[in-house]
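# A look at the structure
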Protein chains: 2
Amino acid sequence: MQQRGAPLEVIARSLRRERDRVGLSLSELAKRAGVAKSTLSQLESGSGNPSVETLWALSVALDVPFSRLVEPPQPRVQVIRAGEGPAVFSERADYVATLLASCPPHARRDIYLITAEPGGKRESHPHSPGVVEHVVLCSGRALIGLTDDPVTVEPGDYVCYPGDLPHVFEALVAGTVACMVSEHV
Amino acid sequence: MQQRGAPLEVIARSLRRERDRVGLSLSELAKRAGVAKSTLSQLESGSGNPSVETLWALSVALDVPFSRLVEPPQPRVQVIRAGEGPAVFSERADYVATLLASCPPHARRDIYLITAEPGGKRESHPHSPGVVEHVVLCSGRALIGLTDDPVTVEPGDYVCYPGDLPHVFEALVAGTVACMVSEHV
DNA sequence: ACATTGCGTTCGCCTTGACGAACGCAGGCA
DNA sequence: TGCCTGCGTTCGTCAAGGCGAACGCAATGT
């Protein structure tokens, strides 16, 4: 199981984070969610043990999926170089499977094959919020990731990044092929 | 937001479902989770509004991620050769994305990187029902698919098959690398 | 300067969830 | 048959969560 640590801590941080992401005051959110602001105050401070109904009301008012309040946030850009990463089922030395990204609850992941040639970077406008793109480079070499801070990727490397920020895919050599998984909520 | 309906109903069903998936009695699960069996009984009957700590204890005892309790459960072999398949966004000739597999609702897809060497086929015992495995070959050559009818796959090729049937991954040349997406409901 | 508005926190009251004990019910065994 | 063990449910008690009111504080405007 990957569920670590006190869930109350996670919930406290999540509530605070999501609340000022939306830009609501504690009082305003409490009013919209129909919970006492004292309750919300205690929750954000880490004390208290909310009931499901309370959390549900808050998740609806914040317009986020319920599980986002209880699951810890994930890092933004992650790179796993070829040969690194956890080998998950390697009972034989000549076959190694590496877990690159476990699927979060209610995400949908579409699988694409990308073929690109050098000669110009492909800038992507941000997609809808919550999109995460995963790329495994099959052959060639490419510059992939957020436009602000792209990563040079070799065959076998894996990189993921939030798709709702400006990002880029630039082939550096001819015959660049990649497997891309687009994850959206 | 996609979260509809009373979460209490969903939790009730999830608890019942996960409990007899593991094969525990209500009393036994209650003891392991450290909650009163009366509490668990009321939860499974849909009455009650559990606190986060209670749900957390149950999710740990059931060895399932927390979110599986609050999120509702929802609901043969295909090959796409390199160069085939629908090109979805190809506004520029030097960048082509091919949609290999659209994600069905509520499926979860984990992403793996596979490296394999020739010298023996890797037979996989069937996984749990509903598993579908997608493989894009990055380099080398491999024999992939159902044990009864495997497919020879070249770099850039895509193949998917039901993972709940006996299947095989056999590298045919050295340095075979593939990107695998394991889809489970 | 004062009043006012909105913020987040703290303080008692009261509802409610969690607990343990007791209950009814089925299946196994002497 | 009678006894026992384990199942899931129901009942009464108690602590804890949720609530509204009151509080302190800072930033406004008259």
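Calculation notes
Residues numbered from 1 in each chain as written. Chains lettered and ligands numbered in written order. Predicted model: local features only at pLDDT ≥ 70, side-chain atom pairs only at ≥ 80, totals over all residues. Helix = DSSP H or I, 4+ residues; strand = E, 2+ residues; numbered from the N terminus. Buried ≥ 20, exposed ≤ 12 C-beta atoms within 10 Å, placed from the backbone. Contact = placed C-beta atoms within 7 Å. Core = buried A, V, L, I, M, F, W, Y, C linked by C-beta atoms within 7 Å. Near = placed C-beta within 6 Å. pLDDT = per-residue confidence, 0-100. Nonpolar A, V, L, I, M, F, W, Y, C, P; charged D, E, K, R; others polar. Pairing = 2+ DSSP bridges. Axes fitted to C-alpha atoms, helices over the stretch in contact; angles between N-to-C directions. Parallel < 35°, antiparallel > 145°, perpendicular 65-115°, else oblique.

The subject of this paragraph is the overall build of chain A. Each helix and strand in chain A was counted, giving 5 helices and 10 strands. In chain A, buried positions account for 41% of the 185 residues. Counting contacts in chain A only where the partners sit at least 6 residues apart, residues at least 24 apart contribute 67% of the total.

Among the nonpolar cores identified, the biggest contains 48 residues, and Val136 and Ala178 of chain A together with Val136 and Ala178 of chain B are the most heavily contacted of them. Once residues within four sequence positions are removed from consideration, alanine 178 of chain B is found in contact with Ile114, Val135, Val136, Leu137, Cys138 and Ala142 of chain B. Counting residues in each nonpolar core, the second largest holds 37 residues, with Ala12 and Leu69 of chain A together with Leu29 and Val70 of chain B among its members.

This part covers the protein's contact with DNA strand D. Lining the immediate environment of DNA strand D, one finds 20 residues, of which Ser38 and Asn49 of chain A together with Ser25, Leu26 and Ser38 of chain B sit closest. Broken down by secondary-structure element, the contributors of at least two residues to the surface near DNA strand D are helix H3 (37-44) of chain A together with helix H2 (26-33) and helix H3 (37-44) of chain B. The dominant element in the surface near DNA strand D, judged by the number of residues it contributes, is H3 of chain B, at 5 residues.

Residue and element names in this part refer to chain B. Within the secondary structure, proline 155 sits in the loop between strand S8 (149-153) and strand S9 (158-162). Proline 155 gets classed as partly exposed once you count the C-beta atoms within 10 Å, which come to 19. Sequence separation of proline 155 and cysteine 138 is 17 residues, and the distance between their C-alpha atoms is 5.0 Å.

Quick look at the confidence of the model for chain A now. When pLDDT is low, close inspection of the predicted coordinates is not appropriate. Residues at a pLDDT of 70 or more form 70% of chain A, whose mean pLDDT is 73. Low confidence marks residues 74-97 of chain A, where pLDDT is under 50. Its contacts with residues over four positions away, or in another chain, come to 44 contacts.

What surrounds DNA strand C is a group of 20 residues, the closest being Ser25, Leu26 and Ser38 of chain A together with Ser38 and Ser51 of chain B. Elements with a contribution of two residues or more to the surface near DNA strand C: helix H2 (26-33) and H3 of chain A together with H3 of chain B. Here the residues of the surface near DNA strand C are counted per class, giving 4 nonpolar, 13 polar and 3 charged.

All names here are of chain A. Buried residues dominate strand S8 (residues 158-162), accounting for 4 of its 5 residues. In terms of strand pairing, strand S5 (residues 132-139) meets S8 through 5 bridges, oriented antiparallel. When the sheet's bridge partners are listed, valine 135 is paired in S8 with valine 159.

Another aspect to go through is the packing of H2 of chain B against helix H4 (residues 52-62) of chain B. Relative orientation and spacing of two packed helices are given, respectively, by the angle between their axes and the distance between those axes. Residue and element names in this part refer to chain B. Closest axis-to-axis distance for the H2/H4 pair is 8 Å, and the angle between their directions is 110°. Relative to H4, H2 is oriented roughly perpendicular. Contact with H2, carried on its side by Leu29, Arg32 and Ala33, involves Ala57, Leu58 and Ala61 of H4 and no other residues of that element. Partitioning the contact of H2 with H4 into residue classes produces 5 nonpolar, no polar and 1 charged.

A few words now on the environment of glutamate 71 of chain A. In this structure, glutamate 71 of chain A sits in the loop between helix H5 (66-70) and strand S1 (78-80). Each C-alpha atom, one on glutamate 71 of chain A and one on valine 10 of chain A, is 7.2 Å from the other, the two residues being 61 residues apart in sequence.

What follows covers the environment of serine 59 of chain A. All names here are of chain A. Looking at where serine 59 falls in the secondary structure, it is placed in helix H4 (residues 52-62). In this structure serine 59 comes out as buried when scored by C-beta crowding, with 24 C-beta atoms within 10 Å. C-alpha of serine 59 to C-alpha of leucine 69: the two residues are 10 residues apart in sequence and 7.4 Å apart in space. Contacts of serine 59, omitting those with residues within four sequence positions, involve Val64, Pro65, Phe66 and Leu69.

A word on the pairing of strand S6 (residues 142-146) of chain A. Residues and elements named next belong to chain A. Where S6 meets strand S7 (residues 149-153), 5 bridges bridge the pair, whose relative direction is antiparallel. Counted as the bridge partner of leucine 146 is aspartate 149 from S7. Counted between consecutive antiparallel strands, the loop separating S6 from S7 contains 2 residues. Across 5 bridges, S6 lies against strand S9 (residues 167-171) in antiparallel orientation. In the sheet register, leucine 143 faces S9, and the bridge partner there is glutamate 170.

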